[in-house]
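Chains, contacts and geometry: an overview
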Amino acid sequence: MITLHQDAEGFIRMSRHYPASVRIRILFTDGSAGEFSGRTLNNAYDAALAEFRAKNGLDARGFNRAPAGRTNSGNTVDYVPVHPGMGE
């Protein structure tokens, strides 16, 4: 089992997908804890990534379709918002 800690802003650090069957325990800042499947956190990661790409004008694959000359500093997210009782 993997244990993650929520930060003060309500996020966990997650830079990749976890295996769908793994159980992940999150310790929330309010003192509670929750256990989630890898699939649930992967869905939260995908939603955060889609929101990031939409806000930054990137397409679904993370490419910037703006005219040449502009640079894209990155198309990934490292922090995913979480809350007790999400997803399951």
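Along each chain, the written sequence defines residue order, and numbers are assigned to residues from 1. Reporting of local features is limited, given that this is a predicted model, to residues whose pLDDT is at least 70; pairs of side-chain atoms are given and counted only at 80 or more, and all residues count toward the totals for whole chains, interfaces and linings. The side-chain quantities take in all heavy atoms of the structure and omit both hydrogens and water.

Re the pairing of strand 4 (residues 33-37)
Just so we agree on the cut-off: Any two strands between which DSSP finds at least two bridges are classified as paired. Helix and strand definitions follow DSSP, with helices as H or I runs of at least four residues and strands as E runs of at least two, each counted in order from the N terminus.
Relative to strand 4, strand 3 (residues 23-27) runs antiparallel, the two sharing five bridges. Considered in strand 4, the bridge of Arg23 is made with Ser37. As consecutive antiparallel partners, strand 3 and strand 4 are separated by five residues, and within that stretch Gly31 has a phi angle of approximately 100°, a positive value.

Considering the nonpolar core
The nonpolar side chains of a soluble globular protein tend to be buried with one another. For the record, the criterion: To form a nonpolar core, buried Ala, Val, Leu, Ile, Met, Phe, Trp, Tyr and Cys residues must be joined to one another through side-chain atoms within 4.5 Å. When accessible area is computed with a 1.4 Å probe and restricted to protein chains, residues below 20% of their type maximum are described as buried, those above 50% as exposed, and intermediate ones as partly exposed. In what follows, residue pairs with any heavy atoms lying within 4.5 Å of each other are defined as contacts.
Membership of the largest hydrophobic core comes to 16 residues, with the highest contact counts inside it found for Leu4, Ile12, Ile26, Leu41 and Val82. Per-element tally for this core: the top contributor is helix 1 (residues 38-55), with four residues. Discounting residues that sit within four places of it in the chain, Val82 has contacts with Gln6, Gly10, Ile12, Ile26, Phe28 and Leu41.

Quick look at the layout of surface pockets
With a probe scaled to a water molecule rolled over the atoms, the places where space remains empty come into view. The cut-off we apply is this: A pocket, in this scheme, is an open set of points on a 1 Å grid over the protein atoms alone with protein on both sides within 12 Å along at least 5 of 7 lines, while a cavity is a set where a 1.4 Å probe fits but cannot get out; residues line either one if an atom lies within 4 Å of a point. Grid points are joined across faces, edges and corners, and a volume is the space filled by probe spheres set on the points.
Reported here for the largest pocket is a volume of approximately 150 Å³. At the level of elements, helix 1 and strand 5 (79-81) are the ones that each hand at least two residues to the lining of the largest pocket. Ranked by residues supplied to the lining of the largest pocket, first place goes to helix 1 with four residues.

Looking at the environment of Ile2
In this structure, Ile2 sits in strand 1 (residues 2-5). Along the chain, Ile2 and Arg25 lie 23 residues apart, while their C-alpha atoms are 6.1 Å from each other. Beyond its immediate chain neighbours, meaning those up to four positions away, Ile2 contacts Tyr18, Val22, Arg23, Ile24 and Arg25.

Examining the pattern of salt bridges
How we decide: Salt bridge, as applied in this entry: a Lys or Arg side-chain nitrogen positioned within 4 Å of an Asp or Glu carboxyl oxygen.
Under the counting rule described, the total for this entry stands at two salt bridges. The salt bridge involving Arg23 is made with Glu35; its shortest N-O contact spans 3.2 Å. Of this pair, Arg23 sits in strand 3 while Glu35 sits in strand 4, placing them 12 residues apart in sequence. For Glu35, a relative accessible area of 40% puts it in the partly exposed group.

Concerning helix 1
How we decide: Any helix carries an expected span of 1.5 Å times its number of residues minus one.
For helix 1, built from 18 residues, the straight-helix expectation of 26 Å at 1.5 Å per residue is met to within 8% by its first-to-last C-alpha distance of 26 Å. Of all the positions in helix 1, only Gly38, Thr40, Leu41, Asn42, Ala44, Tyr45, Ala48, Leu49 and Arg53 are classed as buried. Of the surrounding elements, those touching the buried residues of helix 1 are strand 1, strand 2 (11-13), strand 3, strand 4 and strand 5. Gly57, located one to two residues past helix 1, shows a positive phi value of around 70°.

As far as function goes, none of this settles anything; it's purely spatial.
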